[in-house]
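# Structural overview for review
Here is what each chain is made of, one letter per residue.
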Amino acid sequence: MRTSDSTKVRATLADGRRITLSLPPTDAPWAADGIGGLRPVPPTHTGRGEEPRPLPDRPPLPLDVALLGLGA
């Protein structure tokens with residue numbers, strides 16, 4: 001991660017994509033340091049998780065049954 005000026009941070013992700021973060025001026029006390037208060041955080045995980053289960057093959061319930069809750 002590198003800084004080009006006091007209001008922008010530019011970084012290159014592991015896959016080669018580049019991102020820029022800019023912070024507007026503010027009077028908020030928690031943001032008084034601007035980008036100087038930012039620090040890199042290592043990723044908590046990488047890659048994709050497990051694939052979700054596929055949707056069931058059965059057709060959807062008719063609206064009147066679904067509204068009554070009797071289709072389970």
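In this report, the structure presented in the accompanying data block is examined.

### Description of the overall build of the chain
On a plain count of helices and strands, the chain comes out with one helix and three strands. Its helices and strands taken in sequence order, the chain reads β-β-β-α from the N to the C terminus. Each of the 72 residues in the chain was classed as buried or not, and the buried ones make up 6%. Of the contacts formed within the chain by residues at least 6 apart in sequence, a portion of 24% connects residues at least 24 apart. Total accessible area computed for the chain in this model is approximately 7200 Å², and 57% of it derives from carbon and sulfur atoms.

### Examining the pattern of salt bridges
Under the criterion given, the structure shown has two salt bridges. Of the charged contacts in the structure, one is a salt bridge between Arg-17 and Asp-15, with a shortest N-O distance of 2.8 Å. Arg-48 is paired through a salt bridge with Glu-51; the nearest N and O atoms lie 2.8 Å apart.

### Re the pairing of strand S2 (residues 8-12)
In S2, alternate side chains face the same way, and those of Val-9 and Ala-11 are buried while those of Lys-8, Arg-10 and Thr-12 on the opposite face are not. Pairing between S2 and strand S3 (residues 18-22): five bridges, direction antiparallel. Looking at the pairing, Arg-10 lines up with Thr-20 of S3. Once S2 ends, the chain turns through five residues before running back antiparallel as S3, passing Gly-16 with a positive phi of about 100°.

Scoring rules and cut-offs
Residues numbered from 1 in each chain as written. Predicted model: local features only at pLDDT ≥ 70, side-chain atom pairs only at ≥ 80, totals over all residues. Heavy atoms only, no water. Helix = DSSP H or I, 4+ residues; strand = E, 2+ residues; numbered from the N terminus. Buried < 20%, exposed > 50% of the residue type's maximum accessible area, 1.4 Å probe, protein only. Contact = heavy atoms within 4.5 Å. Areas by Shrake-Rupley, 256 points an atom, 1.4 Å probe, with all protein chains shown as cover. Salt bridge = Lys/Arg side-chain N within 4 Å of Asp/Glu carboxyl O. Pairing = 2+ DSSP bridges.

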